[in-house]
Amino acid sequence: MPCALITGITGQDGSYLTEFLLDQGYTVHGLVRRTSSLERSNLRHLCSNPAVFGKTLHLHSADLERPITFLRILQRVNPDEIYHLAGQSHVGLSFDMAETTADSIAMGTLRILEIVREHPAPVRLFHATSSEIFGRPTVSPQDESTPLNPVNPYGAAKAFATQMIRIYREKFGLHLTNGILYNHESPRRGENFVTRKICRTAAAIKLGLATEVRLGDTSARRDWGDARDYVRGMWLSLQQPAGDDYVFATGVLHSVQEVLELAFAEVGLNWRPYVHRDERLVRPPETCTLVGDSSKVCRLGWQPATDFAALIRWMVSAELEAMSHTPRDVDPA
Ligand code: G4F
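Residues numbered from 1 in each chain as written. Predicted model: local features only at pLDDT ≥ 70, side-chain atom pairs only at ≥ 80, totals over all residues. Heavy atoms only, no water.

A look at the overall build of the chain
Within the chain, the regular secondary structure consists of eleven helices and 13 strands. Relative to the 2.2 N^0.38 estimate, which gives 20 Å for 333 residues, the radius of gyration of the chain is 20 Å and therefore close to what a compact globule would have. Each principal axis of the C-alpha distribution contributes one length, and for the chain these read about 60 × 50 × 40 Å. In the chain, which comprises 333 residues, the proportion classed as buried is 53%. Within the chain, counting contacts between residues at least 6 apart in sequence, those at least 24 apart form 80% of the total. Per element, the accessible surface of the chain, about 14500 Å² overall, is 51% carbon and sulfur. Looking at the chain, you have 35 positive and 38 negative side-chain charges, and the mean spots of the two groups are 3 Å apart. (Helix = DSSP H or I, 4+ residues; strand = E, 2+ residues; numbered from the N terminus. Rg over C-alpha atoms; globule rule 2.2 N^0.38 Å. Buried < 20%, exposed > 50% of the residue type's maximum accessible area, 1.4 Å probe, protein only. Contact = heavy atoms within 4.5 Å. Areas by Shrake-Rupley, 256 points an atom, 1.4 Å probe, with all protein chains shown as cover. Lys, Arg positive; Asp, Glu negative; His and termini not counted. Charge placed at Lys NZ, Arg CZ, Asp CG, Glu CD.)

What about the state of the cysteines?
Under the defined criterion, the tally for this structure stands at zero disulfides. Free of any disulfide, Cys3 has its nearest neighbouring cysteine sulfur in Cys47, separated by 17 Å. (Disulfide = S-S within 2.5 Å.)

Quick word on the domain arrangement of the chain
Once the domains are mapped, the chain shows domain 1 (3–185 + 226–248) and domain 2 (194–221 + 252–324). Using C-alpha coordinates to define each centre, domain 1 is positioned 24 Å away from domain 2. Contact with domain 1, which involves 32 residues of that partner, is made by 25 residues of domain 2. We note a salt bridge from Lys296 to Asp244, for which the minimum N-O separation is 2.9 Å. At the level of elements, α4 (91–94), α8 (227–238) and β11 (245–248) are the ones that each hand at least two residues to the side of domain 1 that touches domain 2. Element by element, the count of residues in the side of domain 1 that touches domain 2 is highest for α8, at six residues. Looking at the side of domain 1 that touches domain 2 residue by residue, the class counts come to 13 nonpolar, eight polar and eleven charged. (Domains from an automatic or database assignment. Salt bridge = Lys/Arg side-chain N within 4 Å of Asp/Glu carboxyl O. Nonpolar A, V, L, I, M, F, W, Y, C, P; charged D, E, K, R; others polar.)

Looking at the packing of helix α1 (residues 12–23) against α8
Across the interface, α1 lies against α8 with an axial gap of 9 Å and an inter-helix angle of 60 degrees. With respect to α8, the element α1 is oriented oblique. For the pair α1 and α8, the sense of crossing is right-handed. Contacts from Gln12, Asp13, Tyr16, Leu17, Phe20 and Leu21 of α1 reach α8 at Ala227, Arg228, Val231, Arg232, Met234 and Trp235. Among the residues forming the contact of α1 with α8, the class breakdown is eight nonpolar, one polar and three charged. (Axes fitted to C-alpha atoms, helices over the stretch in contact; angles between N-to-C directions. Parallel < 35°, antiparallel > 145°, perpendicular 65-115°, else oblique. Left-handed = near helix turned anticlockwise from the far one by under 90°.)

Digging into the sheet that holds strand β4 (residues 81–84)
Read from one edge of the open sheet, seven strands run β3-β2-β1-β4-β5-β6-β11, paired in parallel fashion. Either end of the sheet is taken by a strand with one partner, and the two such strands are β3 (57–61) and β11. Strand-to-strand, the axes of this sheet are offset by a mean angle of 20 degrees, without reference to chain direction. Pairing between strand β6 (residues 175–181) and β11: four bridges, direction parallel. (Pairing = 2+ DSSP bridges.)

Considering the packing of helix α5 (residues 98–118) against helix α6 (residues 153–172)
Packing of α5 against α6 leaves a shortest axis separation of 8 Å and a crossing angle of 10 degrees. Here α5 is positioned roughly parallel relative to α6, judged by the angle of their axes. Only Pro153, Tyr154, Ala157, Lys158, Phe160, Ala161, Met164, Ile165, Tyr168 and Phe172 of α6 make contact with α5, whose side of the interface consists of Ala98, Thr101, Ala102, Ile105, Ala106, Thr109, Leu110, Leu113, Glu114 and Arg117. Split into classes, the residues belonging to the contact of α5 with α6 amount to 15 nonpolar, two polar and three charged.

Observations regarding the packing of aromatic side chains
A complete count under the given rule lists eight aromatic pairs for this structure. Ring geometry for Tyr168 against Phe172: centres 5.1 Å apart, planes inclined by 70 degrees, an arrangement best described as edge-to-face. Here the residue Tyr168 and the residue Phe172 both occupy positions in helix α6, the gap between them amounting to four residues, near one helical turn. The exposure class of Tyr168 is buried, given its relative accessible area of 8%. Put simply, the rings of Tyr230, Phe248 and Trp302 touch in pairs and so form one group of aromatic residues. Over the aromatic face of Tyr246 sits the side chain of Lys296, whose NZ or CZ is 5.2 Å from the ring centroid. (Phe/Tyr/Trp six-rings, centres within 6.5 Å; stacked < 30°, edge-to-face > 60°. Lys NZ or Arg CZ within 6 Å of the ring centre and 35° of its normal.)

Comments concerning helix α7 (residues 194–206)
Because an α-helix completes one turn every 3.6 residues, residues spaced three or four positions apart along the sequence face the same direction. Taking 1.5 Å of rise per residue, the 13 residues of α7 would be expected to cover 18 Å, and the 18 Å separating its terminal C-alpha atoms lies within 8% of that figure. Within α7, eleven of the 13 residues are buried, which leaves the element mostly enclosed by the surrounding structure. If you check which residues of α7 are buried, you get Thr195, Arg196, Lys197, Ile198, Cys199, Arg200, Thr201, Ala202, Ala203, Ala204 and Ile205. At the exit of α7 stands Gly208, carrying a positive phi of roughly 75 degrees. (Expected span 1.5 Å × (residues − 1).)

Considering the environment of Arg76
For Arg76, the position within the fold is in helix α3 (residues 67–77). A relative accessible area of 61% means that Arg76 is categorised as exposed. Residues Arg76 and Gly8, 68 residues apart in the sequence, show an inter-C-alpha distance of 19 Å.

Set out below in structure tokens:
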């Protein structure tokens, strides 16, 4: 039975990856922060399943700031594959929390690399990096050879971690893979990311639980995909004989306004009267035309399966479903 260790297992990607790996017959071990609440996490359905929890899914408390805990778990679990997904992931917040962002992403990854380097058994590692490493790219679309040019603390920390993966792969011959992930969404996306925020508020307005949504720049465009497609790609990239870098993207740009149009149409409303611009949510150096070229990983058999409109419709209906069962206030900020 193959065995995987996941950092950041309670997040959107970690939870979908766990489901995918369990379906593939893996035993999955996940690292959770001591402060994480499993009851409210994306794993609660698996943790409450006695056929899974403690049998093929195991959780361990660990903080990546203390590498000794990761070392002990790695030695005990001895996984075939590590999926490193943990770290502060909000670009806007990274301007307010630059040090925390650098510590969790840049130093967190380096600490793991140092431990993996000394690990006596062969292990493959996937590192979830980001299109934000390209910052203000000079080419469009971007691929694995596009120069790194980050423009925010998050992108800079990811660029460091991405480059260290490349350096350790070359210098020590380790099986290390960078997945350069463009935006990928789902109903499990954090509530402060724009697609989830819009879908959630559209559903709340429909149900009379909110009256408005405050947004930054609605003309901003992103290459948005479905998180479930991206975790499938993470696994696929680790099944290759050697580590490498792969871009995961749809190759198609959409604007925040298009998210608004689709989400509000799904609940039968016109978005315009409900949307207010909030200057505090406008990012300083907004990146331009971050759109990815995934030809390399597509040659391995990966394809994004969900289109943008279907993704937004799925997210809105999931919010309607969740709110119909447990109505609650929605913070419009
Ligand atoms: O949903 P977002 O916050 O995602 P962002 O910044 O693109 O980052 C996400 O994708 C990256 C991959 O490309 C990841 F590396 C990163 O970890 C994260 O997953 O913002 C999307 C766009 C931006 O242009 C932002 O300026 O939406 C714009 N936006 C407009 N109003 C807003 C808002 N974003 C947020 N979060 N909140 C707003 O009110």
